[in-house]
Amino acid sequence: MTPAANQSTEPHVVVVGAGAAGMMAAAEAARSGARVTVLEKNTKTGVKILMSGGTRCNITHDTDAKGITQAFGHAKRFLQPSIGKFGPSEVIEMFHGLGVATKREETGKIFPVSNRAVDVRDALHQSMLDAGARLELRCSVQRIQPPSGDQHRWCVATESDGNAQEFQADRVIVTSGGKSWPGCGTTGDGYDWLRALGHTIVAPRPALVPLVGGNEATHALSGLTLPDVNVSVFTPDHRAGKKPKLERRSSWLFTHFGFSGPAAMDVSGVMTAYDRIQDSTMRLDLTPQTSEAEIREILSKRSGDAGKRTIATILQQWVPSRLALAICEQSHPANAQCKLAELPGKECNLMIEKLKRWHLPVNGTRGFAKAEVTAGGVQLSEVDPRTMQSRLAKGLYIAGEILDVDGWIGGYNFQAAFSTGRAAGRAAAQWDDA
């Protein structure tokens, strides 16, 4: 696509959605020479940024581009070109240039030194405006129409305070997000626009979402955090006894409704991919730092003073006291005060099984309202991973969470938004890429 004789040499790019990907795309397109208009239905930009990371905003992770893409499962190859050109170190450098100092936490997460998500949002917002982008707030997109017949440009129809308006554009970048945290305005509007343009939408589902399940014993542990567990998920096509579909090692939180914390939320997207989440099996290793052989060796020392120790006391060297008592009660209520020398071998095996392979029932999630990201979205085979341009509609670009990409907790999803947004903005500003 090249400019017609009566067209400006600078393409007009309309960006739909002023979140992380949208503001990045707008700034890059404007800096690359395009005339840019950003349409946002909310009263302010970056609403989801403001809520993320407990209002601190975990902008990326301390790893390289390969380390980021590994967090995205089926989408890792698709993300390689964009993240390879703009990875974590480049994101950190960008924010430093925008006046936002960053810090690395022990988990590898990168946060602003201020611990204020608003500083991240404000920096992206100002960068976009400084680059020359024009922002239209309270502007809700109703439909996107491609060039056809005598109409050589894209048409984006909007409504603002009850007034209809149309924006003509040479290029359109859709960064309207998914369906997670709908209170932020991310209600999945973009799926219908893109479906109407011929795109396949992989069914959206909650990801990075707390799990609903457990039993009376786990509910009684509500509020207990375990800093280091290993979670394995066996899906219907990855049954127990074979290699798990996904393993994640991180912190864990027991709740009154089920399970939360990074480890539980990281595996949630894999579990929601199946029609019945109950058909997947979740297995917890409570002591990933201690092997089963080491535990058995300690429990085998039953003579002398070693055998006089209570089972609850022994278990507390590996897990908190509340959990130690729960494990004892799961095998036999009397085991908490039972001496090691008196513990039957069968019940010893049951406790080891709980420590290393505790099967926990899951029957649902907290849904999109509590999900940090959306799995599913625009089918990746229909988008050029180098430019984010649609393979079905020239002049249409798609970036951010509306794509079928979802990664782990830890700044991975913001990194993908920044990288894909940047790729889309740069490509959309060029006349000769289509």
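Predicted model only: the values in this text are computed from it and were never measured. (Residues numbered from 1 in each chain as written. Predicted model: local features only at pLDDT ≥ 70, side-chain atom pairs only at ≥ 80, totals over all residues. Heavy atoms only, no water.)

**Student:** Lay out the overall build of the protein with the relevant residues and their values.
**Tutor:** Each helix and strand counted, the protein has 14 helices and 20 strands in total. Expressed as a percentage of the 434 residues in the protein, the buried residues total 55%. Sequence separation of 24 or more characterises 72% of the internal contacts of the protein that already satisfy a separation of 6 or more. For the protein, the accessible area works out to roughly 18,300 Å², and carbon and sulfur atoms hold 47% of it. One finds the centroid of the 49 positive side-chain charges in the protein at a distance of 4 Å from the centroid of its 44 negative side-chain charges. (Helix = DSSP H or I, 4+ residues; strand = E, 2+ residues; numbered from the N terminus. Buried < 20%, exposed > 50% of the residue type's maximum accessible area, 1.4 Å probe, protein only. Contact = heavy atoms within 4.5 Å. Areas by Shrake-Rupley, 256 points an atom, 1.4 Å probe, with all protein chains shown as cover. Lys, Arg positive; Asp, Glu negative; His and termini not counted. Charge placed at Lys NZ, Arg CZ, Asp CG, Glu CD.)

**Student:** Summarise the layout of surface pockets; cite the residues concerned and give the values.
**Tutor:** Taken as a whole, the second largest pocket spans an internal volume of roughly 480 Å³. Taken together, 24 residues form the lining of the second largest pocket, with Phe72, Gly73, His74, Val270 and Asp406 sitting closest to its centre. The set of elements that each furnish at least two residues to the lining of the second largest pocket consists of strand E11 (201-207) and helix H9 (261-271). In terms of residue count, H9 provides more of the lining of the second largest pocket than any other element does, 5 residues in total. Classifying every residue of the lining of the second largest pocket by side-chain character gives 11 nonpolar, 7 polar and 6 charged. Both domain 1 (12-203 + 371-429) and domain 2 (211-365) contribute no fewer than three residues apiece to the lining of the second largest pocket. (1 Å grid on protein atoms, 1.4 Å probe; cavity = no way out; pocket = protein on both sides within 12 Å on 5 of 7 lines; lining within 4 Å. Points joined across faces, edges and corners; volume = space filled by probe spheres on them. Nonpolar A, V, L, I, M, F, W, Y, C, P; charged D, E, K, R; others polar. Domains from an automatic or database assignment.)

**Student:** How would you sum up the side chain of Asp404? Please name residues and give values.
**Tutor:** Relative to the helices and strands, Asp404 resides in the loop between strand E20 (396-398) and helix H14 (412-428). Buried charge without a salt bridge: Asp404, with Arg205 as the nearest opposite-charge side chain at an N-O distance of 5.2 Å. Apart from the residues within four sequence positions on either side, Asp404 is in contact with His74, Ala75, Val202, Ala375, Gly376, Gly377, Val378 and Leu380. (Salt bridge = Lys/Arg side-chain N within 4 Å of Asp/Glu carboxyl O.)

**Student:** Tell me about the environment of Glu216, residues and numbers included.
**Tutor:** With respect to the helices and strands, the residue Glu216 is situated in helix H8 (residues 216-219). On a C-alpha basis, the gap between Glu216 and His256 in space is 9.5 Å, while along the polypeptide they are 40 residues apart.

**Student:** Give me the pattern of salt bridges: which residues, what numbers.
**Tutor:** Following the criterion strictly, the structure yields 22 salt bridges and no others. Lys103 is the partner of Glu105 in a salt bridge, and the nearest nitrogen-oxygen pair spans 3.9 Å. What makes Glu105 partly exposed here is its relative accessible area of 22%. Overall, Lys103 belongs to the partly exposed group, its relative accessible area being 25%. A salt bridge links Asp119 to Arg116, with the nearest nitrogen and oxygen atoms 3.2 Å apart.

**Student:** Hey, could you go over the sheet that holds strand E17 (residues 358-360) for me, with residue numbers and the actual values?
**Tutor:** Strand order in the open sheet formed by 7 strands is E17-E16-E13-E14-E15-E12-E18, and the pairing between neighbours is antiparallel. Whereas interior strands pair on both sides, the edge strands pair on one side only; in this sheet they are E17 and strand E18 (362-365). Taking each pair of neighbouring strands and ignoring which way they run, the sheet shows an average axis angle of 40°. Sheet contacts for H9: strand E12 (211-213), strand E13 (225-234), strand E14 (246-254), strand E15 (258-260), strand E16 (281-285) and E18; angle to E14, the most-contacted strand, approximately 130°. (Pairing = 2+ DSSP bridges. Axes fitted to C-alpha atoms, helices over the stretch in contact; angles between N-to-C directions.)

**Student:** Quick one: what's the story with the domain arrangement of the protein, residue by residue and with numbers?
**Tutor:** Domain assignment breaks the protein into domain 1 (12-203 + 371-429) and domain 2 (211-365). Each of domain 1 and domain 2 has a C-alpha centre, and the two are 39 Å apart.

**Student:** Explain the state of the cysteines to me, and be specific about the residues and the numbers.
**Tutor:** Applying the stated criterion across every chain, the model contains 0 disulfides. With no disulfide partner, Cys338 has as its closest neighbouring cysteine sulfur the one in Cys328, 8.7 Å distant. Judged by its relative accessible area of 11%, Cys338 is buried. (Disulfide = S-S within 2.5 Å.)

**Student:** Go over empty space enclosed by the protein with me, naming the residues and quoting the values.
**Tutor:** The full count for this structure, using the stated rule, is 1 cavity of 30 Å³ or more. If you add up the space inside the largest cavity, you get close to 30 Å³. Lining the largest cavity are Met23, Met24, Ala27, Arg31, Met94, Leu98, Leu124 and Ser127. Of all the elements in the fold, those that place two or more residues in the lining of the largest cavity are helix H1 (20-31) and helix H6 (117-130). By residue number, the principal contributor to the lining of the largest cavity is H1, which donates 4 residues.

**Student:** If you had to explain H1 to someone new, which residues and values would you point to?
**Tutor:** Over its 12 residues, H1 runs 17 Å from end to end, which matches the ideal 16 Å to within 8%, given 1.5 Å per residue. Burial of H1 is extensive: 11 of the 12 residues sit out of reach of the surface. Inspection of H1 places Ala20, Ala21, Gly22, Met23, Met24, Ala25, Ala26, Ala27, Glu28, Ala29 and Ala30 among the buried residues, and these make up the whole buried set. Of the residues flanking the end of H1, it is Gly33, one or two places downstream, whose phi is positive at about 105°. (Expected span 1.5 Å × (residues − 1).)

**Student:** I'd love a proper account of the side chain of Thr45, names of residues and values included.
**Tutor:** Tracing the backbone shows Thr45 in the loop between strand E2 (35-39) and helix H2 (47-55). Side-chain polar atoms of Thr45 contact the side chain of His125, separated by 2.8 Å. (Polar contact = N/O pair within 3.5 Å; in protein donor to acceptor, adjacent residues only side chain to side chain.)

**Student:** Any chance you could break down the packing of H1 against H6 for me, citing the residues and the numbers?
**Tutor:** In the contact formed by H1 and H6, the axes pass within 8 Å of each other and the chain directions differ by 30°. When the interaxial angle is binned, H1 and H6 end up roughly parallel. The crossing of H1 and H6 is left-handed. Residue-level inspection shows Met23, Ala26, Ala27 and Arg31 of H1 in contact with H6, the latter providing Arg121, Leu124, His125, Ser127 and Met128. Looking at the contact of H1 with H6, its residues break down into 5 nonpolar, 2 polar and 2 charged. (Parallel < 35°, antiparallel > 145°, perpendicular 65-115°, else oblique. Left-handed = near helix turned anticlockwise from the far one by under 90°.)

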